[in-house]
Amino acid sequence: MKMRARYNGSENKIKLKEWLFRMVLTAAGVTIVLLLGGIFFSLFVKALPAIKHNGFYFIRGSVWNPQSGRYGIFSFIVGTLLTSFIALIISVPSALAISVLLSEYLPGYRNGRFFISFLKNATDLLAGVPSVIYGFWGLVFVTPVIRYFEELLHLPVYGVSILAASVVLAIMILPYMASISREVIALVPAELKEASYALGATRYETVGGVVLRYSASGIVASIVLALGRAMGETMAVTMLVGNSNRLPANILRFILGPGNTMASVIANEFAEATNSVYLSSLTEIGLFLFIISLILNGIGKWTVRRFAL
Amino acid sequence: MKKGLAYGQNRIGRRLLGTLMVFLLVMLGSPVFARGSKEHRIRGEELLGAGATFPYPLYSRMFHEYGRLRGVKVNYQAIGSGGGIRQLLSKTVDFGATDAFMNNAEGILHIPTCLGAVVVTYNLPFAKELTARRLRLSPEVISDIFLGKIRKWGDPKISKLNPGVSLPNMDITVVHRSDGSGTTFIFSDYLFKTSEEWREKIGKGKSLNWPVGVGGKGNPGVAGLVKQIRGAVGYVELVYAVQNNMPYAAIRNRNGKFVVPSLNTVSLAADIDIPGDTRVSITDTSAKEGYPISSFTWIIFYREQHYSNRSIERAKELLSLLWWMVHDGQRYTKALGYAKLPEAAVRRAEAIINSAVYDGKPIEFGR
Amino acid sequence: MKTCVFERHISNDARITGGLLKGWRLIKDRGFAYLLFSLSFLGILPLLLIVGYVLVKGISCINFDFLFSLPVPVGEMGGGIANAIVGSVVLVFIASLFSIPVGILGGLYLNERRSSKLASWVGLSVEVLQGVPSIVIGIVIWMWVVLQMGHFSALAGGVALGVMMLPTVVKSTEETVRLVPESIREGVLALGIPYYKLVLRVLLPMSKGGILTGVLLGVARVAGETAPLLFTAFGNPYFSLSIVKPIASLPLVIFNYATSPYEEWHRMAWGASLILIVFVLVLNLSARFFVSENSLKKVFLSGEKSEGGE
């Protein structure tokens, strides 16, 4: 493929630049892996005393008592999974709707360009609201609504609950999915869409059968990113989740009642923890979040491989 | 195609380069603007402190005034008592601040700087009628409420303490702190001393395994939840309750008197024998008129001030600051809602400050 | 409206398959469109509520004093957040310096070496990194940077924020570059143009919209993070530009003021939040201006990413 006539002499220089460039890319990749490895290692080392102390109780036990030295995070694990997944379920439809709207529908309207710009900036702006503000806002707008429902269903009235945290989390992760999905959807080749319309498909059928299928991997990537964000969010969640370690058997009660998440516990108690096993156990929670992320990512990849193009 | 690309690239490149250059200029010029960056300068030394959130408003006021008076900048950040202790142990700060004194304090000195109190606040529909005579509680009742044993406001144990007031039979919703805090420590320390059941089941500490209730983040979190949930009860710092017009209970102290928390009763609570190292808990105080859930808050620093390249000037600046805080600095306490140190505590603090050494020798500092 | 075009096509269809099929497909299409519009509206509504709320609560605070003076303690009049605004800018700048190059290069690496072992590790690392709570990153950077340096610094804070930004930049780079059609790649290589030129002169400009989105998203997030700064940048009540000293930042100030007992400080927390949101908005718009080929006016109005030179 090389055109010898043009690159005679400078061939070696080009080869060098090529090689250098590839090295730089690889170096970047290695840096990222080292970064994560380093974080894992540091966490592991700091969590070791707790791992020895807590054993498996850490995962199955639900009593978290720094005073007596018992550290069980089962209720936090459940809380984290519930809040993250409910948040995903709430926000994925909206995020996808916004992305599809931006690239498939709005361009056709007369004032579409204004709305496109507005919607783009609006979703990106959502990402810029500090988590503390989300927390306060949730306390003012979301918890009273939930309290209303708790009263209606004759449940103990708190307001702060798994559901409150999930709703606000959903709003927080929306920008991640919406922004990346819209970029990916916009890059679907026009020929494919035009071919679909030429065959007589409706816009609905084109979007469903062509656009979304083609950008599936990008969309799933954005969902995974958003899920990661949801699991790691601390400030807003801790203001809204109720911070209670109980585990009611009834799922509805659980969602409409206070709970706790792993990230929230770390954030709440790290600043004040002085006892070394306590600190170590908090670090162990961080480590565990790591591992859960790994597992969820693995599941995500497997799903994509099975169902995507 | 190529031509358009090249042009576009250049534009980005030029714009980026421009911004980058402006920034570099600013950064490189910053040592000129940033003052107090040299370790060995006496004027313009910058001291670092970290720790408790409770005294943060007071300290920020004190340090601002001190900066104006002596030209020494003090940077205090409220990252929590545990954070303060950790940073001091890591030697990244000059002093730490904590609401709970350290148990194992090898080589670390404590001096009290002011007093605070924890009050029990509630959300009851008739609370306004009670302002003349507040809701009265006893340590046993408080313990039972927060343990979940008393679940309704109509419970006879509560009405017994409040004759003449008709309490509705509402559910009690307990609100506690979700984050580790000195406030929780003081509150649980009090219940630890006064209730055997609490001592066994819960203990005392900055983070507890609460059997009932929801957690709010920080004093505002608890206050906010109590305000929103009818029938709620929670505990917050006195300063906070006063600044936000929240109702709070009068609590029966060791001498059987129902004491209303105020700056006065909190100062009185400290009117007892204070040990030489000032590490004492004054909850459940023996002082006759003292409010039973009061506490000192401390500043901690190393006795041996020569560690990791610390200059003697820096040590002198620190000691001058601490001396000022327990003397002239006390005049800022009342206006901000904090109780000042009683004379006995000031004497102890003086002795402790004087006991700091540099390479084993006492330090001559400006008072 | 566009659907008229479809009707013409569909009516051809209907002659073959019957009228009912045409109606049903049309209903689905219309219904879907309405669904999309309502879901989108639902998604944007919270933003309007939040921004509106912050605006209402914070606007009373904004004046010249607030923006340009240093904080004063409680009880004194005036006081502002000038140092926090500058501090946030500095921190975001350091974070970008670290995460944009590594992020873009990492994303490119993932694209070009998709099948190699290292690539799958990189992909995994990025995704797990996104899920690490901000406070954990703060703690780790505290161990690595602050303890090594012996004191808090803006550098440590910037690095912590940079680490948090990284996954977003990498992922969006990867996903947008991947979607450049093979035909273009093959065409460029067929012309004998070396690989690195392909990347720098063709792939990157074509995906700059997507990459920029990732960067802005990352910046927006870290601009509002408190937890990672608590043990790294630490905070500073005075003005400071030095990267080796503690530095103030908007989210720290917001957090401190909001959790204080004083009404005055609460108001300032809302004011600072408003400033932060405006800061992010300005950053968004100006970054799009930098990267686009259009004039300022067009950027504001069109919002479309510029053609990368097809």
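Here the structure is a predicted model, which is why all the values come from computation and not from measurement.

Caption draft 1: Local environment of the overall build of chain B. Scanning chain B for helices and strands turns up 13 helices and 13 strands. Classification of the 367 residues of chain B by burial places 52% in the buried group. Counting contacts in chain B only where the partners sit at least 6 residues apart, residues at least 24 apart contribute 72% of the total.

Caption draft 2: Spatial organisation of the overall build of chain C. Helix and strand counts for chain C stand at 13 helices and zero strands. If you take every contact in chain C between residues at least 6 apart in sequence, the share linking residues at least 24 apart comes to 72%.

Caption draft 3: Spatial organisation of the domain arrangement of chain C. By domain assignment, chain C separates into domain 1 (14-57) and domain 2 (64-306). The interface of domain 1 of chain C with domain 2 of chain C comprises four residues on the first partner and four residues on the second.

Caption draft 4: Molecular detail of the interface of chain A and chain B. With 24 residues of chain A at the interface, the matching set in chain B holds 27 residues. Split into classes, the residues belonging to the side of chain A that touches chain B amount to 12 nonpolar, 10 polar and two charged.

Caption draft 5: The arrangement of the environment of A:Thr234 in detail. Within the secondary structure layout, A:Thr234 lies in the loop between α11 (216-232) and α12 (235-240). Judged by local crowding, A:Thr234 falls into the buried class, with 25 C-beta atoms found within 10 Å. Expressed as a C-alpha distance, the spacing of A:Thr234 and A:Ile171, which sit 63 residues apart in the sequence, is 14 Å. Not counting the four nearest positions on each side in its chain, A:Thr234 is found in contact with A:Ala263, A:Ser264, A:Ala267, C:Pro133, C:Ser134, C:Ile135 and C:Ala227.

Caption draft 6: Up close: the interface of chain A and chain C. If you look at the interface, chain A gives 85 residues, while chain C gives 90 residues. Looking at the side of chain A that touches chain C residue by residue, the class counts come to 55 nonpolar, 20 polar and 10 charged.

Caption draft 7: Up close: unusual backbone geometry. Unlike most non-glycine residues, B:Thr278 shows phi in positive territory, near 60°. Residue placement: B:Thr278 occurs in the loop between α10 (263-269) and β11 (294-302). Backbone geometry at C:Phe234 places phi at a positive 75°, although glycine is not the residue there. With respect to the element layout, C:Phe234 can be found in the loop between α10 (227-230) and α11 (250-258). A tally of 29 C-beta atoms within 10 Å means that C:Phe234 is categorised as buried.

Caption draft 8: Quick peek at the environment of A:Ala170. Residue and element names in this part refer to chain A. With respect to the secondary-structure elements, Ala-170 resides in helix α8 (residues 162-186). A C-alpha to C-alpha distance of 17 Å links Ala-170 and Asn-260, two positions 90 residues apart in sequence. Other than its neighbours up to four places away in sequence, Ala-170 contacts Ala-87, Ile-90 and Ser-91.

Caption draft 9: The arrangement of the pairing of strand β2 (residues 73-77) of chain B in detail. All names here are of chain B. Burial within β2 is extensive, with five of its five residues counted as buried. Residues Lys-73, Asn-75 and Gln-77 point to one face of β2 and Val-74 and Tyr-76 to the other, with burial holding for every one of them. Bridging between strand β1 (residues 46-51) and β2 involves five bridges; their strand directions are parallel. Looking across to β2, one finds that Glu-46 is bridged to Lys-73. Handedness of the crossover joining β1 and β2 through helix α2 (residues 56-70) is recorded here as right-handed.

Caption draft 10: View of the sheet that holds strand β3 (residues 95-98) of chain B. Residue and element names in this part refer to chain B. Reading across from one edge, β2-β1-β3-β11-β4-β8-β6-β7 is the order of the eight strands in this open sheet, with mixed pairing throughout. Looking at the sheet topology across the chains shown, the edges are occupied by β2 and β7 (214-216). Along the sheet, successive strands turn relative to each other by an average axial angle of 25°, direction set aside. Pairing of strand β4 (residues 108-122) with strand β8 (residues 232-237) involves five bridges; the strand directions are antiparallel.

Caption draft 11: Fine view of the sheet that holds strand β10 (residues 258-259) of chain B. Residue and element names in this part refer to chain B. An order of β5-β9-β10 is seen for the three strands of this open sheet, with the pairing classed as mixed. Strands at the two margins of the open sheet, each flanked by one partner only, are β5 (136-137) and β10. Alignment of strand β9 (residues 250-252) against β10, held across two bridges, turns out to be antiparallel. Residue Ile-251 lies in a different strand from β10, and its bridge partner there is Val-259.

Caption draft 12: Region of the structure containing the pairing of strand β6 (residues 173-177) of chain B. Residues and elements named next belong to chain B. In terms of burial, β6 is largely enclosed, as five of its five residues are buried. Bridging between β6 and β7 involves three bridges; their strand directions are parallel. For Val-175, the partnering residue across the bridge sits in β7 and is Val-214.

Caption draft 13: Spotlight on the confidence of the model for chain B. All names here are of chain B. Chain-level statistics for chain B give a pLDDT mean of 83 and a share of 86% at 70 or above. Helix α4 (residues 139-147) holds the highest mean pLDDT among the elements of chain B, 94, whereas helix α1 (residues 2-33) holds the lowest, 54. Across residues 1-8 the pLDDT falls below 50, and counting only partners more than four positions away or on other chains, this stretch makes eight contacts in the model. In the model, residues 30-44 has pLDDT below 50 throughout and makes 23 contacts with residues more than four positions away in sequence or in other chains.

Caption draft 14: Looking closely at the nonpolar core. By size, the foremost hydrophobic cluster in this structure holds 299 residues, and its most contacted members are A:Val168, A:Ile173, A:Met177, A:Leu240, A:Ile266 and C:Ala272. Broken down by element, the residue count for this core peaks at 19 residues, all from α8(A). Ignoring sequence-local partners within four residues, the contact set of A:Ile266 consists of A:Leu282, A:Ile285, A:Gly286, C:Pro133, C:Ile135 and C:Val136.

Caption draft 15: Quick look at the packing of helix α4 (residues 74-105) of chain A against α8(A). Residues and elements named next belong to chain A. Across the interface, α4 lies against α8 with an axial gap of 6 Å and an inter-helix angle of 35°. As for how α4 packs across α8, the hand of that crossing is right-handed. Taken together, the residues of the contact of α4 with α8 break down into 21 nonpolar, eight polar and one charged.

Caption draft 16: Region of interest: the packing of helix α4 (residues 82-112) of chain C against helix α5 (residues 117-131) of chain C. All names here are of chain C. The interhelical angle for the contact between α4 and α5, taken along N-to-C directions, is 135°, at an axis separation of 9 Å. Relative to α5, α4 is oriented oblique. Read as a crossing pair, α4 and α5 show a hand that is left-handed. The residues of α5 that touch α4, namely those facing Gly-106, Tyr-109 and Leu-110, are Ala-119, Val-122 and Gly-123. Of the residues in the contact of α4 with α5, the class split is four nonpolar, two polar and no charged.

Caption draft 17: Region of interest: helix α6 (residues 131-141) of chain A. Most of α6(A) sits out of view: nine of its 11 residues are buried. Taken residue by residue, α6(A) has A:Ser131, A:Val132, A:Ile133, A:Tyr134, A:Gly135, A:Phe136, A:Trp137, A:Gly138 and A:Leu139 as its buried positions.

Caption draft 18: Seen up close, the environment of A:Ile223. Residues and elements named next belong to chain A. Turning to its location among the elements, Ile-223 is positioned in helix α11. Take Ile-223: there are 22 C-beta atoms within 10 Å of it, and that puts it in the buried class. Spatially, the C-alpha atoms of Ile-223 and Ile-173 are 9.0 Å apart, while their sequence positions differ by 50 residues. Contact partners of Ile-223, with chain neighbours within four places excluded, come to Leu-88, Val-92 and Met-177.

Cut-off values and rules
- Residues numbered from 1 in each chain as written.
- Chains lettered and ligands numbered in written order.
- Predicted model: local features only at pLDDT ≥ 70, side-chain atom pairs only at ≥ 80, totals over all residues.
- Helix = DSSP H or I, 4+ residues; strand = E, 2+ residues; numbered from the N terminus.
- Buried ≥ 20, exposed ≤ 12 C-beta atoms within 10 Å, placed from the backbone.
- Contact = placed C-beta atoms within 7 Å.
- Domains from an automatic or database assignment.
- Nonpolar A, V, L, I, M, F, W, Y, C, P; charged D, E, K, R; others polar.
- Pairing = 2+ DSSP bridges.
- Right-handed = clockwise from strand over helix to strand, strands pointing away.
- Axes fitted to C-alpha atoms, helices over the stretch in contact; angles between N-to-C directions.
- pLDDT = per-residue confidence, 0-100.
- Core = buried A, V, L, I, M, F, W, Y, C linked by C-beta atoms within 7 Å.
- Left-handed = near helix turned anticlockwise from the far one by under 90°.
- Parallel < 35°, antiparallel > 145°, perpendicular 65-115°, else oblique.

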